[in-house]
Each structure stands twice: as C-alpha cells, then as structure tokens.
Amino acid sequence: MKPAAFAYLAPRDLDEALDQLAEHGADARVLAGGQSLVRLMNARLASPSVVVDINRVPGLDALAVTNGSGPATLRLGATVRQRTSELSADVATHAPLLAEAGAHVAHAPVRSRGTVVGSVAFADPSAELPAALLALDGRVVARSRSGERTIEADDFFTGPFRTSLDPGEMVVAVEVPAVGARTGSAFVEVARRHGDLPVCGVAATVTRADDGSVAGTRIALCGAGERPVRARAAEDALTGSDGGEDAVAEAAARAADGLSPIGDCHGSADFRRHLARVLTGRALRTAIHRAAGEATDV
Amino acid sequence: MSETTSTAAPEKVRVRLTVNGTSHDLLVEPRTLLADLLRGDLGLTGTHLGCEQGVCGSCTVLVDGTATRSCLVFAAQLDGATVRTVESLGGVDGSLHPIQRAFHENHGLQCGFCTPGMLMGTCELLERTTEPDPDDVREALGGNLCRCTGYQNIVKSVCAAGRALAAERNGAQV
Amino acid sequence: MSTVEDRPTTATTGSPREGERRWVGRSVPRKEDPKLLAGRATFVGDVTLPGMLHGAVLRSPHAHARIVSIDTSAAEAIPGVAAVLTGAQAAELVNPMPAFCAEPVPQTAVAIERVRYPGEAVAIVAATDRYIAEDACAAIRVEYEVLPAVVDPEAAMAPDATRIHETLDSNVAFHRTLDFGDVEGDLARAHTVVRTRARWHRMGAQPMETAGAVASWDPFDKSMTVYSNSNFHNFLPWAFAGMLGVSTNRLRMIPCAVGGSFGSKHFITKVLAIAGALSKATGRPVQYLEDRVDNIAANDNVGCDRIYDAELALAEDGEMLGLTLRIIDDYGAYFQFAHGQHGNAMAQPTGPYRISSLRYDVSCVLTNKVQQGFFRGAGADPGNFVLERLVDKAAEQLGIDRAEIRRRNFIRPDQFPFKTPPGNVYDSGNYAAVLDKALELAGIDDWRAEQERLRAEGRYLGIGLATCQERTGYNASEWWFLYDNPPLPATSTPESVKMDVDAMGGVRVEVGCPLWGNSPETVVSQVVAEEFGIDPGDVSVTYADSTTGAMSAGPGGSRLTIMLSGATRGAARTIRDKMIRIAAHAMEMDPADVECVDGTFRAKGAPGTSMSMADIGMRAHLFFHDTPEDESSGLVAVHTYDHPYSTPPSADRKDMGAFYPMVSHACHIPIVEVDPETGVVTLRAYYAVNDCGTVMNPTLVEGQIVGGIVQGIGAALMEEYRYGEDGALDTPTFREYLVPSMHEVPEIVVEHLETPSPFTEYGVKGAGEGGRLVAPTAIASAVDDALKPLGVWVDELPMTPERVVGMVTDAREGRP
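Residues numbered from 1 in each chain as written. Chains lettered and ligands numbered in written order. Predicted model: local features only at pLDDT ≥ 70, side-chain atom pairs only at ≥ 80, totals over all residues. Heavy atoms only, no water.

Draft legend 1. Broad picture of the sheet that holds strand 21 (residues 507–511) of chain C. Residue and element names in this part refer to chain C. Reading across from one edge, 22-21-20-26 is the order of the 4 strands in this open sheet, with mixed pairing throughout. Edge positions in the open sheet fall to strand 22 (539–543) and strand 26 (636–641), since each of these has one partner strand only. With strand direction ignored, the average angle separating the axes of adjacent strands in the sheet is 20°. As paired elements, strand 21 and strand 22 share 5 bridges and run parallel to each other. Each bridged residue has a counterpart across the sheet, and for V507 the counterpart in strand 22 is V539. Lying over the sheet, helix 15 (residues 520–532) contacts strand 20 (495–501), strand 21 and strand 22, oriented at roughly 140° with respect to strand 22. (Pairing = 2+ DSSP bridges. Helix = DSSP H or I, 4+ residues; strand = E, 2+ residues; numbered from the N terminus. Axes fitted to C-alpha atoms, helices over the stretch in contact; angles between N-to-C directions. Contact = heavy atoms within 4.5 Å.)

Now the structure itself:
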C-alpha cells in the first residue's frame, strides 16, 4: 500500500504555512504527526496533491497554562505530541480527562508522533480525544491567512472526519478551561483490544454544588454517531439531582436518546447504543466519586 | 480518489540524515516512506513491513531516539534526523547486543519477522526505564504484533535484557 | 471396532535409548536465531535481482460481477510501467491453478470475464517500483456489471440461489454422508442425546509476513527461477512448473526465510502465477509481494467456516455411545484444496473418547468469498470445539462433573494403539493422567473458591476445561479419501535430508523443508549430535532448493519434527555406519566391534585407539585404496523418510485407514472473567498440560504451544472475516481483522507429559498446532462456566463483546 504522488512543502513559519494552505485549498492536507494522515495516504483513501508539513513551524509545540483575567486555560499547540500531553503535569492537574482519554489512544510509538490537535482535527467519530475535548467544553483555535477564530468544540465536529474548518484554515491549538473545584471526570471505553479505537467511549465531567448535588455535567460519546456527541438527555437527567445511584441510573438510561450510531464490524448500532447506556453509568459513577474527593486521580 | 493533475513528477526533497551512524545526503521523492528508503535505497532489509498502516509494529525503528513506525513517516520529513535500525545492534564480529542475546536466551522469536521491530522498541524502553517489569513492557511494545510466539517469551526476553543492561551498567560503575 | 494391524515399532539398534539421550530432549538454544536477530535473514521481500521489477494487483471491489471491459491504456502509458496484464492476457502465459483433487471449475490467478469474491485479481502490473505499479493499477479502467452476491452458505444451497459457477448444477461443490459403526443403534439405545447448533466463523492465518515470489523467466533457455515463501518447492515442484508453463526440469524454486505461515503458505499458487506471468511478459525478474490488503483479501489463508448440527448420544451413566455431525462448510468461491479440511477433521472427530459410532455428513458450499486454504488446525479445530461443547452439555444435563464424565469415557492406556470409528489410529496416550495433572497445575479448588467469592460481588469468573486431540504427521490420503474415485490418490508425504561429512570431518545437512518459524536447523542438529555424539553447534544446516532437494512435504500438519528427525536419523545412521566400516578397516577390527562415541570411532568398551571424524572424513574422501573394497569415496547420504505408519482407505470407505496416527493430546484450563454488561472477556490465567510424546526440545515445544494458544485466544474472542450483505469484505485490514496483542494474553503455564509414540524415531510426536486446536474450545468452556448463573450456552466463535451481550440477553429472555 503505497501513497500517490504529492508535492511536499515544509514551511518555516506559520504565515508561510497559511499562505500555502490558502494557495492549494482542498488539494492540500496538513501533516503534523501523520499517524492518521499517512495511514490514509498509504491506503489511497486520501491522496492530496500537496502536503504541508508543519513540524518545523516554531511555536506550535507549546503546551501551557495561561491565567488571564478569567479562569485558567490549558492550551496545546498543533504539534504537541500525544505522549507529551499524556505525561504532562499541567494536563494532569488542569485537564486530567484529557490525559485519561489519551492513555487509550493507540500505542506508545504512535502517541510519540501523533498530536492532540491532529486527532481533534481528524475528527474520527470513534476517537477518544475529540470526545474528551467535547466533555471538557474545549475549543479549537483556527487560523487562516485572513485571521484567527475560536470554534467551540460543540460546533467543531460536523460529521465523520468532517469539521467546520474552512478551506485554507488550520487548527493551531486547542484550549480547555482548567478544571474547577468540586469537578470530577472520567473516561471509560470498550475497545476490542487495548489501544484500539473504542467501540464506544464516554467522557464525562461532573461538577458538584456545595450541597453535593450535581451542579453541571457534560457527557460526550465517541463511537456512537457520525461525530462525537453530547448525551444531552442524560446530562439533563443528572443535573440538579443528588448524584446518587438512582439519578445515575436514570441518566444512563437516557444516554442513547437521539443517537444514530454507525454500525461496523466491531459493533452494530444497537450494540453501541447499549454500550452508551452502560458506559455512561460507569463514567458518571466514577466522575461523581472523584468530584467528591480532594484531588482527581487519573 | 484524486490523482495528481500535473504530468511532471513532484520535486524531490533533499534529506540529510544519519542512519546507523553513517551520514547520507539524499534526494528523495516526497512519497517515499522511511521504511522503503531504508529497505530499498539503503539496502537495510532488517526493517520489515507487515501492514503499512502502523498497526503491526514490524517496521519500528528509532528516529531521534524515539520508537517510530517507519511506514507512517515520509523520508522527506527527516532532514537532520538520526535513524537507528536493527542493523545497528550486534557487532561486525557477530557478537550479539545484550537485547539480542536476551531474546536468544529466552526464546523470544520464532519466524523473526516482527523481531526487529520488537528489538528497536526495546531499545527505546531500556534507554528510558531501568529493569522494566512486564506491565512496562506491554505498555511500550503492546502495539507490536507477533503471530508466532504468543508474546510470553518476548516479555520475558525484554525483562531479562533490562536486568542484563542494568548489571552491565553496575559493573561498569564498580 | 477393528484392531490395529501389527506394526513393528522403530528399531533402535546402536543408539541411545530414552534416559541415555544427551541431545534429544534438551532445550538446545535455537540455531535459527542469530540471522533473524540481526535482521540478516532473507525473506522474499528482501530478494533483489538485477533489473527486477515490482508487481501490483488491481482487485475487484465487488463480490460478484461480470467484467464488461478493461482499459489498460492509461496505465501502460505511465513512465516506469513495463507490463499490464488482464486475466485473459495472463492466461496466455501461465496456466490455471493446480488443485489437490480435480477442482470442479478452473481457477486462474487473475479473473477472466467474471469475479467471484471481493478482492479477486482483475489485472496485474509490473513497474520499476511498487509505488508506480500501484499508480498504474489506479489508472486501469474496469467496467463491471454487478451480480447478486451470495454470502450466506445456507442460502447458497438453495436450488434457485445465484450460481457461483454457472457450469455447476449448484453451489454445493461436494456432499457426502458417511456412517461408521452402528449410528442408528446408538441413537436409539441412548438414554440422553445432547444437541448443539454451533457456529465456527471464518478466520485466517494472517502471518506477519505476507506471501510473495520473485520470478525470473529466461526466454532463451526457457527456464524459470522462483524465490518464494511457498512450502512445496520440494514436494510438488512439477505442479508449479505446470502452472507456470515451464518444463518440470527447467524450474528452480528457491526457498526464502518465511515470516510465519500457519498453513497458509503451502502452495500460494496465485502469488507465484502472478509473478511468473509478469516475468514472462517482461522478460525480467519480477517481485510480487502481497501487501496486507492483498493477503487478507486473496491469500489462501482462510480456515474453516462451519455450521454444525451435532448430537452426542450417551447412556444413563454418561458413557458416550455415538456422535453425529451434520456440517455446512462455506468454502468460498473456489475449491482448490477440495475437502481436505474434512479429511483432516476425520483424524479425530470422536476425540479422546471411546465413542463407537460416528456419522459425518458434510456439505461443502460455494459462496462469493475467498476460498479456504489451511490454517493451523486445518479442519480439526472446529471439530474439537463442537465435541467438547457437547461433552460439557452432556455433563450438565446428566448432572455429572465435567472432568468425571471425561475420565469415564477416555480411551485407556492399555487400549493403544487405538482404532477410531472412521479408521484413523491413535498411537499412544494417557488422557486421564494429563487431565489430573492439569487440574492440579491449575489449582482448580482455589479457582473455584475465587469464583464463589467474586460471584458474591456480582462478578463473573469462569474456569474452562477441554481435553482434545492433536493429530500430527498427516498422510496425503486425507486430501482425497472422501471421494470414491479421486483423480490423484497420492499417498506420499515424505521428508528428506542430504547429509555429508566432509574431508575435515565437518557435518552439513541440507534439508528439503523451508524455515517457517519452527526450528528445523535446531532439530536436525540435535539429532545429528545425538547420533554422532558431537556438539549440535558444530552442525551446519542449509536449505535445498528444488533442484537439489529430495522429496519433502515440509512443515504442516504438525509433522516436521517427526519427519525431519526420521530423515536425519536415517541419513546419520547411513553415514555413521559407513564411517564405522571405514574406521574398522583402518584399525583392523571387525565393524561390529567399533562404536561412535563423542564424535570418535573406537573399539567398543576399550577406548584406546580411536579415529576422529576428520580422520575418517579425509580417508573416505581422498584415500580410496585405504577404504574397504566395496565402499565408494565420500560420505554422503540422502535419506527420504516416509510416513511411518499409514494404511489405505477401504474401497467402500467404511474404514479410512490410518492416516494421522501420531496423536498428541492436551488438557487446557483457562480462567476468564466476563463482564456481562459490556461483553468483554478477559483472560486471567491459563494452564495447559501437553503430551506430544518424546519432547525433542522443551523450550521450542512450549513456544509452539503458547503461540498456538494465543492464536486460539484470537479464535475464541476476536478473529473473524465479516461480509456485508452485498458481499463486501468488512474486515480488509488489521484494523478490522484483529489478532491478539500482548495485552490480551495472560500468563500461560505449560507442563509436559510424555507417552512416546511407538511409530516414530525417538517416540516424538508433533506439537505445532496443538495450542490452537484446544484453546478456542477451552475458552468457550470458560465463558460458559462464567455465565452459568445467567443460563448462557456458548456455541459460536468468536465470542465478540456484542455476541456475549447477545447471549446474555437471549438467556435472560429465554431464547435458545
């Protein structure tokens, strides 16, 4: 399985990269980690005529916590490796869900090259990191030659391997708000083998109020639709409840509401709905438990 | 599926890289995978291709010290890089590297096709972790598939290699 | 039951008996390792010849279609492309695939006019590199008329089903029912008849290395050289020659190191034909190496795909009386290996039990899928699965402990050699001892206690048990004996080596088999060391190509250790005896008074005067006048070792004869935990006691067993070819067809028990397939045991998470 021919561009700064993307439009693909793109190209499922390698663009590999006037923000640049995120103390502290989800992604050598942003931009509906971003209320920072904009995760994933990026636009970073007090998170999945894409995965965050009730929750599913989706009916069922077993069970029962999973050889649509319910319950139990604890354990 | 519309072949890319200690200054087609550069242009056929999707791990080499799927990186990306393959292990006199010796002593291979990938993954692991335990080994090599051995002896071999290297280091310090 | 005819056991004159052996039975380090560890072994993809081109294949996206037109003009115009061939063009250069029995329809490596499975080759290309060859494939324009795809084998059997081959009357390529013993009587007499409808899905060998060939056609002397990872270069080279359109004495097939096979690379005729056709078309060497997609789609590595309706008839006390098997086997679109997988299954369908009657009713059905080949187990794997399920079911229905019901029915040690109802013989065994040892090894009581403890926590631990046969060392009759009038009723499955001792006393052995990942060099060296008393490290082993190798069927059917030790011992004895005669002559003694000990030749019991291997070697090579009058110069022997015990089938096929009589046996006890909500099965521990007769090299045998067990884990939990309703292959790559990683493997503990074979040299039996023959059904048994409180019954493999959840749901809702 060998790729079709393409022109290789290795821009030295971001402006050059954006110029190249603007020039070539839909004929070009951005190459960061390449662990998804090169795989597709080898199979000729993607045959861009131009590949823009952004690995030499300075500044894109920054992983940082910024404390502006508002709550702290964790920002990962486009070439931050998945392995870096997985081992980062900042991620463990401020967005443990990202690290927990990230540990399930493929295997060490793939995570050493693959990037967090790349996985988000690839928008595989079964993948862990897009779902984690959704559960974390994250956002994507996109740049093009005409400027920069921020796209909320809720608005970013539009279909299988499709995002709301415009031609000529690339993701330069993802940002997640640092996890607040009394917030617990959990990521659980069923995969055929360790490291495989999940048949279904659930990323959940739960924030408790002072009285212990559930002040808010975000539940994101992967492998359960054409894109990572929020289980809004489950969220509604849980919010305001006491977070006890009955509330969790009711939320879990609603987790598959409105889902249109894509069935494949690893699981039918009905099986994915079933897993969505089972795993939502498990993720919520763990997240609620962690929300009650002093520190989130990853 | 789109095809290149221009009839001219895309421009070759200059890549200066070091492979197993030897420096090369090459002009490569953009689409040449690192694995094919190694196996074809450089005649280093010890690195094997099993899937060309990054799933089997047979093609694993070290790029700048990091275990890398050579089927998922274009040679063109590696200007300035250092690459190590299985041929860098073992001596010209036929002596086995301690990792190779550990695999031999613990029956860690049968057909040998996945073995170079296992060995290079082990190199990185043992540079990062002293005396890994079986869980460490699975974490590092879990993406390397083997169809022959059933893995048990591979894990044993890697742990034995870890102990051997640690003993060597300790011996050197004494 | 008829008795086994008297058969002399192997003579062991002049050589160490068990207990005195120095090398046979030791874990000698593996000779094959250094070159593999160094990355210096030559696999077929590493072969480079001057001017060599690279091949690629355009494959059909449809399961069933008529090829309306093929336009190769754009492809041919691409720079670097040397040849583009359609099926019709390739057919002018190479012939259809040879078949084990007469194939009901011809099969060509590249489809002509019609494609019959997704991924069937439609056109082939040779270019300066694989990248360009694939560019050319992408530029070939094929117009298809899509036809209805036949995916379900039962639907395929209907008289009005779409015909896979229009020249046949139906899609049932073969059907036969055979009764052995008093089947009806046993069914009538039974107190209990347990039944199961079981499903063993389509799986494939998926070795890490794909199949490939480098073919180099010389149009001037009409000869062809082929490097490949095929097994049969010294077994059926004339069949390859016929296919390639080369005179049988002008084909040279050269073996390469093989990156695993598990039965899939015996023949690989399509791959050789493609390389050969392209070489003939271009006049240059051409390498065709399957990529993973080629291999999964079109290699003959697919195993059985069976639906069983089975019954086991038992007396009230649990004595097993009779077994009936009605089997529908989905063979795919071609039938190159005929029903050989059922011949294979017939070696042991009644397992280790004294079952006295058998009905074997098999229908081989054609569908729009890639054809079956051979995959480790080769047909006996689903047979073991079904039988052990029936035994577990019987134990439950009769209220007898499942270990106890097995003990009651095991063939007893004093009954060997034992003739089974279909006719195959089991040479030796002690099944009760293996079972008891396994139960002790597993610490079964502790696991039962753990199971109880976990059940109280709402968790589901399961303990599996399976006691199964592993037939080893096949005779060719299994390929054809289900036919009354086979066109080629072959009965030879020999193995050969050529051994020579040179003028300096150096020993070299040239083997006829290839290196598949087993250990022929090590085994040969151990045998030579045993026979001469030299160090195995001093023996040099090389691999013969088809022009120098004598008949060798190579690895497969777990035969190689048996056959290679027979061939090596035979050659060693011939040379050693000659060296004794030469030494005796030189030392003026009677040959009967001379022995070979520790690589020296000396008077028996009086180590004084002696001669070294080098002394005799030099004398034999160059000193004709100083050797006995009737001896020729040199020390070389070619020894062909034939199957040690086989008998033909009877004309009425009431007795298939002995064709696979060296029968190993194992008991496996896996421990699993099942999550009934998600369907995930996790292996916690695994215990196996294995009896493969005399163990040639314990470490190597354990490696084979553990490797086979892990393939068995794959069969039990994840391996499956899946097809859409339109016939599309839904599992085309390693992301969909899943094989176990090291994360899915528990600690596997293996112990041995040895009941030597009376038929073989040293009493060895085979060990290659055993792990995969037993593990799938053992793990099914464990999952069954785990989910017993939920009323689940396992009868389908693989047990994917979705299937497990389905079983739990069905049981809860009272569905069978």
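There is more to say, and it comes next.
Draft legend 2. Highlighting empty space enclosed by the protein. Residues and elements named next belong to chain C. One pass over the full model with this rule turns up 11 cavities of 30 Å³ or more. Reported here for the largest cavity is a volume of approximately 730 Å³. Lining the largest cavity we find 45 residues, and of these N518, P555, S558, Q704 and G768 sit closest to its centre. Counting residues per element, the ones that place at least two in the lining of the largest cavity are helix 15, helix 16 (560–587) and helix 18 (698–717). Its boundaries defined by the atoms lining it, the second largest cavity holds a volume of some 80 Å³. (1 Å grid on protein atoms, 1.4 Å probe; cavity = no way out; pocket = protein on both sides within 12 Å on 5 of 7 lines; lining within 4 Å. Points joined across faces, edges and corners; volume = space filled by probe spheres on them.)

Draft legend 3. Local environment of the interface of chain B and chain C. Listed as interface residues are 46 residues of chain B and, on the opposing side, 52 residues of chain C. With both chains or domains summed, chain B and chain C bury close to 3,900 Å², and 58% of this area falls on carbon and sulfur atoms. Taken together, the links from chain B to chain C amount to 3 salt bridges. Taken together, the connections running from chain B to chain C amount to 21 residue pairs in polar contact (both at pLDDT 80 or more). Elements supplying a minimum of two residues to the side of chain B that touches chain C: helix 1 (34–41), helix 2 (98–105), helix 3 (115–128), helix 4 (134–141) and helix 5 (152–173) of chain B. For the side of chain B that touches chain C, the element with the most residues is helix 4 of chain B, which contributes 4 residues. Classifying every residue of the side of chain B that touches chain C gives 19 nonpolar, 18 polar and 9 charged. (Buried area = accessible area lost by both parts, 1.4 Å probe. Salt bridge = Lys/Arg side-chain N within 4 Å of Asp/Glu carboxyl O. Polar contact = N/O pair within 3.5 Å; in protein donor to acceptor, adjacent residues only side chain to side chain. Nonpolar A, V, L, I, M, F, W, Y, C, P; charged D, E, K, R; others polar.)

Draft legend 4. Molecular detail of the domain arrangement of chain A. All names here are of chain A. Split into domains, chain A comes out as domain 1 (1–179) and domain 2 (183–291). A straight line from the C-alpha centre of domain 1 to that of domain 2 covers 24 Å. Domain 1 puts 26 residues into the contact, and the matching count from domain 2 is 26 residues. One can count 5 salt bridges joining domain 1 with domain 2. Linking D154 and R230 is a salt bridge whose minimum nitrogen-to-oxygen distance equals 2.9 Å. Counting across the interface, domain 1 meets domain 2 through 12 residue pairs in polar contact (both at pLDDT 80 or more). Elements that contribute at least two residues to the side of domain 1 that touches domain 2 include exactly helix 5 (96–102), helix 8 (128–135) and strand 8 (157–159). Counting residues per element, the side of domain 1 that touches domain 2 draws most heavily on helix 8, which supplies 6 residues. (Domains from an automatic or database assignment.)

Draft legend 5. Molecular detail of the interface of chain C and chain A. Contact residues are listed per partner, giving 28 residues for chain C and 24 residues for chain A. Buried area between chain C and chain A, summed over both chains or domains, comes out near 2,200 Å², and the portion from carbon and sulfur atoms is 56%. Inspection of the region where chain C meets chain A yields 4 salt bridges. Put simply, R282(A) and E677(C) hold a salt bridge, and the shortest N to O gap is 2.7 Å. Across the chain C-chain A interface, the total number found is 12 residue pairs in polar contact (both at pLDDT 80 or more). At the level of elements, helix 4 (130–139) and helix 20 (801–812) of chain C are the ones that each hand at least two residues to the side of chain C that touches chain A.

Draft legend 6. Here's a closer look at helix 13 (residues 431–442) of chain C. All names here are of chain C. Between its first and last C-alpha, helix 13 extends 16 Å over 12 residues, near the 16 Å set by a 1.5 Å rise per residue. All buried positions along helix 13 are accounted for by Y431, V434, L435, A438, L439, L441 and A442. The buried residues of helix 13 occupy an angular sector of 165° when the element is viewed end-on, so they sit on one face. Positive backbone phi, at 65°, marks G443, one or two positions downstream of helix 13. (Expected span 1.5 Å × (residues − 1). Buried < 20%, exposed > 50% of the residue type's maximum accessible area, 1.4 Å probe, protein only. Arc of directions from axis to C-beta.)

Draft legend 7. Main features of unusual backbone geometry. P417(C) follows F416(C) through a cis peptide bond whose omega is -5°. Assignment of secondary structure puts P417(C) in the loop between helix 12 (402–409) and strand 16 (418–419). Here the residue pair L797(C) and P798(C) is connected by a cis peptide bond, since its omega of 5° sits within 30 degrees of zero. Among the secondary structure elements, P798(C) is positioned in the loop between strand 30 (796–797) and helix 20. One non-glycine residue, D64(B), adopts positive backbone phi at about 50°.

Draft legend 8. Up close: the packing of aromatic side chains. For the structure on display, the rule yields 28 aromatic pairs over all chains. Taking the centre distance of 5.2 Å and the plane angle of 80° together, the rings of F156(A) and F157(A) count as edge-to-face. Of the residues examined, F156(A) reaches a relative accessible area of 0% and is grouped as buried. Judged by relative accessible area, which is 2%, F157(A) ranks as buried. Above the face of the Y762(C) ring, R569(C) is positioned so that its terminal group lies 4.1 Å from the ring centre. (Phe/Tyr/Trp six-rings, centres within 6.5 Å; stacked < 30°, edge-to-face > 60°. Lys NZ or Arg CZ within 6 Å of the ring centre and 35° of its normal.)

Draft legend 9. Region of interest: the packing of helix 11 (residues 380–398) of chain C against helix 12 of chain C. Residue and element names in this part refer to chain C. Viewed as axis vectors pointing N to C, helix 11 and helix 12 meet at an angle of 110°, and their least axial separation amounts to 9 Å. Taken as axis vectors, helix 11 and helix 12 run roughly perpendicular relative to one another. Crossing of helix 11 over helix 12 shows right-handed handedness. On helix 12, the residues that touch E388, V391, D392, A394, A395 and L398 of helix 11 are R402, I405 and R406. (Parallel < 35°, antiparallel > 145°, perpendicular 65-115°, else oblique. Left-handed = near helix turned anticlockwise from the far one by under 90°.)

Draft legend 10. Inspection of the pattern of salt bridges at higher detail. Under the defined criterion, the tally for this structure stands at 95 salt bridges over all chains. Among the ionic pairs, D294(C) bridges to R59(C), the shortest N-O distance being 2.6 Å. Note that D294(C) is positioned in helix 9 (residues 292–298) and R59(C) in strand 1 (residues 53–59), a separation of 235 residues in sequence. In this structure, the salt-bridge partner of E457(C) is R459(C), at a minimum N-O distance of 3.7 Å. When its relative accessible area of 46% is taken as the criterion, E457(C) is described as partly exposed. One continuous salt-bridge network, built from bridges that share partners, spans R44(A), E29(B), R31(B), R59(C), R130(C), E134(C), D135(C), D291(C) and D294(C).

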